[in-house]
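Coordinates in review
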Amino acid sequence: MTTRTIRLRDAETALAILGEQDAYLRQMEADYGVELVLSQEPDSMALSLLVRGKPARVQKAVHFIRSRIESVGPSPHVKPGHAHAPAHLHPPLPHDAVLRANNGRPIAPRTPGQKRYLEAIEGHELAFGIGPAGTGKTFLAVACALRALETRQVQRVILSRPVVEAGERLGFLPGDFLEKVNPYLRPLYDAFYSMIGPERFRAWRDADVIEIVPLAYMRGRTFDDAFIVLDEAQNTTLGQIKLALTRLGEGSRMVVTGDITQTDLAEGTASGLVRVMEILKGVEGVAFHHLTEADVIRHPLVRKVIKAFDRWEKRA
């Protein structure tokens, strides 16, 4: 453990850095995985901020805090839309909203099917979101994971996806571990970027608040106090999805998403998601929610494309 001390110029600087009722302080603790303590010297009454934690995390937190101190001008107020803007700069969230995105827009269900999907996630420790592309199944699962993280229901978020290529052979991918799996996890990244911004996402990832675990690397691990999102589960085998589902630890929850009409497994290989729908049917604590083309919220043409494919597959 390492402790660093940062001196604050005055009370206005402290308010700008820590926020009203220490709102920014708590957020920085979550972002960087450190402990922040405000102290005051009895003689000079000078204010200091103590930063405690692992050396690498403390260094990143100190760098960010010092850059914030330098940016504080005559007015300590933060502009609306900043990643750490206080809640009072935005109107209250609608009653059905999950959380507020990085741009200030509330994230809420846009169809009755999506609303029932969120209720299934909220009411069960293991929920399955099954439906075609564009229905928001992954986006809403990520939103629920972030809300659980920010409300301290869980301590971290685990993201996983089977590494399966959609009909193409990408070949050898250069770079380190994160660079190799980045093409497969990009849809999950996009959801996080829109909700918390790329800088905050990277900070949480570096602090292991958000952990990326390809399915093949899950064996032997147990995730306690975590919100796990397993995406593209239609591309798992039965053994793989069983492996993922049995990683749940104390205080953890999981959402599994997939589209059983778009399986990229080798010909003749059965989808584990299809099988597990039969195996776990009626198990207490498990919910299956099916989204349809009526829940598609992408370009209006996407809904027509899905309907056309459904008609063709029924004829075939």
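Residues numbered from 1 in each chain as written. Predicted model: local features only at pLDDT ≥ 70, side-chain atom pairs only at ≥ 80, totals over all residues. Heavy atoms only, no water.

Further remarks concern the overall build of the protein. For the protein, the helix and strand inventory stands at 10 helices and 11 strands. For the protein, the residues scored as buried account for 45% of the 316 residues in total. Put simply, 70% of the contacts in the protein that link residues at least 6 apart link residues at least 24 apart. Entry remark: accessible area of the protein is about 17,100 Å², with carbon and sulfur atoms responsible for 52%. (Helix = DSSP H or I, 4+ residues; strand = E, 2+ residues; numbered from the N terminus. Buried < 20%, exposed > 50% of the residue type's maximum accessible area, 1.4 Å probe, protein only. Contact = heavy atoms within 4.5 Å. Areas by Shrake-Rupley, 256 points an atom, 1.4 Å probe, with all protein chains shown as cover.)

Most of strand S9 (residues 226-230) sits inside the fold, with 5 of its 5 residues counted as buried. Alternating residues of S9 divide into Ala226, Ile228 and Leu230 and Phe227 and Val229, and every residue in both groups is buried. Pairing geometry for strand S7 (residues 156-160) and S9, over 5 bridges, is parallel. In the sheet register, Val157 faces S9, and the bridge partner there is Phe227. As paired elements, S9 and strand S10 (residues 253-258) share 4 bridges and run parallel to each other. (Pairing = 2+ DSSP bridges.)

Attention shifts here to a positive patch on the surface. On the surface, a cluster of positive charge is made up of Arg303, Lys307, Arg311 and Arg315. Here Lys307 is to be found in helix H10 (residues 300-315). Of the residues examined, Lys307 reaches a relative accessible area of 38% and is grouped as partly exposed. (Patch = residues over 30% accessible without salt bridge, like charges linked within 9 Å, V, L, I, M, F, W, Y side chains within 5 Å. Salt bridge = Lys/Arg side-chain N within 4 Å of Asp/Glu carboxyl O. Lys, Arg positive; Asp, Glu negative; His and termini not counted. Charge placed at Lys NZ, Arg CZ, Asp CG, Glu CD.)

To continue, consider the packing of aromatic side chains. Under the counting rule described, the total for this entry stands at 6 aromatic pairs. Centroid distance Tyr189 to Phe201: 5.1 Å. Interplanar angle 55°. Geometry classified as tilted. Here Tyr189 is found in helix H6 (residues 177-196), whereas its partner Phe201 is found in helix H7 (residues 198-206), with 12 residues between them in sequence. Grouping residues by exposure puts Tyr189 and Phe201 together as buried. Aromatic pair Tyr193 and Phe201: ring centres 5.5 Å apart, planes at 75°, arrangement edge-to-face. Phe201 gets classed as buried once you look at its relative accessible area, which sits at 0%. An aromatic cluster is defined as three or more aromatic residues linked by ring pairs; in this entry it consists of Tyr189, Phe192, Tyr193 and Phe201. (Phe/Tyr/Trp six-rings, centres within 6.5 Å; stacked < 30°, edge-to-face > 60°.)

Our next topic: the pattern of salt bridges. Close approach of charged atoms allows side chains with opposite charge to pair. This structure, assessed with the given rule, holds 12 salt bridges. The partner of Arg200 in a salt bridge is Asp31, and the shortest N-O contact between them spans 3.3 Å. Placement of Arg200 in helix H7 and of Asp31 in helix H2 (residues 23-32) is noted, with a sequence separation of 169 residues between them. Arg200 sits in the buried class, given a relative accessible area of 10%. Using a relative accessible area of 2% as the deciding quantity, one classes Asp31 as buried. Across the salt bridge formed by Arg161 and Glu232, the nearest N and O atoms sit 3.0 Å from each other. Of this pair, Arg161 sits in the loop between S7 and H6 while Glu232 sits in the loop between S9 and helix H8 (238-245), and the two are 71 residues apart along the sequence. Here the residues in one salt-bridge network are Asp31, Glu150 and Arg200, joined through shared partners.

Ordered by their spatial adjacency, 6 strands build an open sheet running S8-S7-S9-S10-S6-S11, and the pairing between neighbours is parallel. Strand pairing shows two members of the sheet lacking a second neighbour, strand S8 (210-212) and strand S11 (286-290), which therefore form its edges. Within the sheet, the average angular offset between the axes of one strand and its neighbour, ignoring direction, is 15°. Both strand S6 (residues 126-130) and S10 contribute to a ladder of 5 bridges, which runs parallel. Paired with Ile130 across the strands is Gly258, a residue of S10. In the packing of H8 onto the sheet, the strands contacted are S6, S9 and S10, and the crossing angle to S10 comes to about 155°. (Axes fitted to C-alpha atoms, helices over the stretch in contact; angles between N-to-C directions.)

This paragraph deals with the environment of Ala16. Structurally, Ala16 can be placed in helix H1 (residues 11-18). Under the relative-accessibility criterion, Ala16 is labelled buried at 2%. Placed 55 residues apart in sequence, Ala16 and Ser71 show a C-alpha to C-alpha distance of 9.8 Å.

For the α-helix, the turn length of 3.6 residues means that residues three or four positions removed from each other point alike. Residues of helix H9 (residues 272-279) that are buried: Gly272, Leu273, Val276 and Met277. Seen along its axis, H9 keeps its buried residues to an arc of 145°; they face one direction. (Arc of directions from axis to C-beta.)

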